Amino acid sequence: MKKTLMLLIIFVGSFGSRTFAQTAQAGFIVEGYYKVKWGLADEFIALYKKNHYPLLKKALEKGDLLSIKAEKPRLHSTEESRWDYRVTLVFKNAEAAFDPNLTEPYKKALYPDLEKLKKEEQRRFEILDAHWDIQLDSVPLD
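Now for a look at the structure at hand. Treat the numbers as computed from the prediction; the structure is a model and nothing was measured. (Residues numbered from 1 in each chain as written. Predicted model: local features only at pLDDT ≥ 70, side-chain atom pairs only at ≥ 80, totals over all residues. Heavy atoms only, no water.)

Judged by pairing direction, the sheet is antiparallel, and its 4 strands sit side by side in the order S2-S3-S1-S4 without closing on themselves. Since the sheet does not close on itself, it has two edges, and those belong to strand S2 (65-71) and strand S4 (128-136), each with one partner. Strand-to-strand, the axes of this sheet are offset by a mean angle of 15°, without reference to chain direction. Two strands pair when backbone bridges link them, and S2 and strand S3 (residues 85-91) are joined in this way by 6 bridges, in the antiparallel orientation. Within S3, the residue paired with alanine 70 across the bridge is valine 87. (Pairing = 2+ DSSP bridges. Helix = DSSP H or I, 4+ residues; strand = E, 2+ residues; numbered from the N terminus. Axes fitted to C-alpha atoms, helices over the stretch in contact; angles between N-to-C directions.)

This part is about the nonpolar core. By size, the foremost hydrophobic cluster in this structure holds 19 residues, and its most contacted members are Tyr34, Phe44, Tyr48 and Phe91. Residue assignment for this core shows that the elements contributing at least two residues are strand S1 (28-36), helix H2 (41-62), S3 and helix H3 (94-97). Looking at this core element by element, the count peaks at 5 residues for H2. (Core = buried A, V, L, I, M, F, W, Y, C linked by side-chain atoms within 4.5 Å. Buried < 20%, exposed > 50% of the residue type's maximum accessible area, 1.4 Å probe, protein only.)

This brings us to the pattern of salt bridges. Inspection of the entire model under this criterion finds 13 salt bridges. A salt bridge links glutamate 43 to arginine 123, with the nearest nitrogen and oxygen atoms 2.8 Å apart. On the criterion of sequence distance, the pair formed by glutamate 43 in helix H2 and arginine 123 in helix H5 (residues 114-126) is long-range, its members being 80 residues apart. Note on glutamate 43: relative accessible area 29%, which makes it partly exposed. Here glutamate 121 and arginine 124 are joined by a salt bridge, their closest N and O atoms 2.7 Å apart. One end of the pair, glutamate 121, and the other, arginine 124, are both in helix H5, 3 residues apart, so they sit about a helical turn from each other. Since its relative accessible area comes to 2%, arginine 124 is described here as buried. (Salt bridge = Lys/Arg side-chain N within 4 Å of Asp/Glu carboxyl O.)

Now for the environment of leucine 89. Position of leucine 89 relative to the elements: it lies in strand S3. Here the alpha-carbon distance between leucine 89 and glycine 27, two residues 62 residues apart in the chain, equals 9.5 Å. Ignoring anything within four residues of it in the chain, the contact list for leucine 89 reads Phe28, Ile29, Val30, Leu56, Leu65, Ser67 and Ile68. (Contact = heavy atoms within 4.5 Å.)

This part takes up the packing of H2 against H5. For any two helices packed against each other, the geometry comes down to the angle between their axes and how far apart the axes lie. In the contact formed by H2 and H5, the axes pass within 9 Å of each other and the chain directions differ by 145°. H5 is crossed by H2, and the crossing has left-handed handedness. Note on element contacts: H5 touches H2 through Lys116, Leu117, Glu120, Glu121, Arg123 and Arg124, opposite Glu43, Phe44, Leu47, Tyr48, Lys50, Asn51 and His52. Taken together, the residues that form the contact of H2 with H5 break down as 4 nonpolar, 2 polar and 7 charged. (Left-handed = near helix turned anticlockwise from the far one by under 90°. Nonpolar A, V, L, I, M, F, W, Y, C, P; charged D, E, K, R; others polar.)

It is worth spelling out the environment of aspartate 42 at this point. For aspartate 42, the position within the fold is in helix H2. In this structure aspartate 42 comes out as exposed when scored by relative accessible area, which is 63%.

All we've got here are geometric facts, nothing functional implied.
Structure, rendered in structure tokens:
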């Protein structure tokens, strides 16, 4: 009886590990890094939350995006390696990640004043010192 229970636990555990690995590898991952001019990080993230995040949430609802996560460092680093925000987007596939119309269909519905949106998005990028995106691939360790 104990031997059967132990084999069952090992089988379920190994299935769970494979399922986790498959889930971790699912999707197309892009990390976006934003380095904001000194003193303007709060303005940047407020504009991001107001104008860009709602569009990403629509893509999430549609299923083109699987997850959205934003982070900031807890401690500072050297100026050369400094970044203020990292946004990790997991797309359902590479086509969705590079679709130029990923968020376009939602703009008019969410933002009736498209000129105001354009100006605020321009401001969001004006206050950046740098922005870069990194495409990630999972590396299986087991």
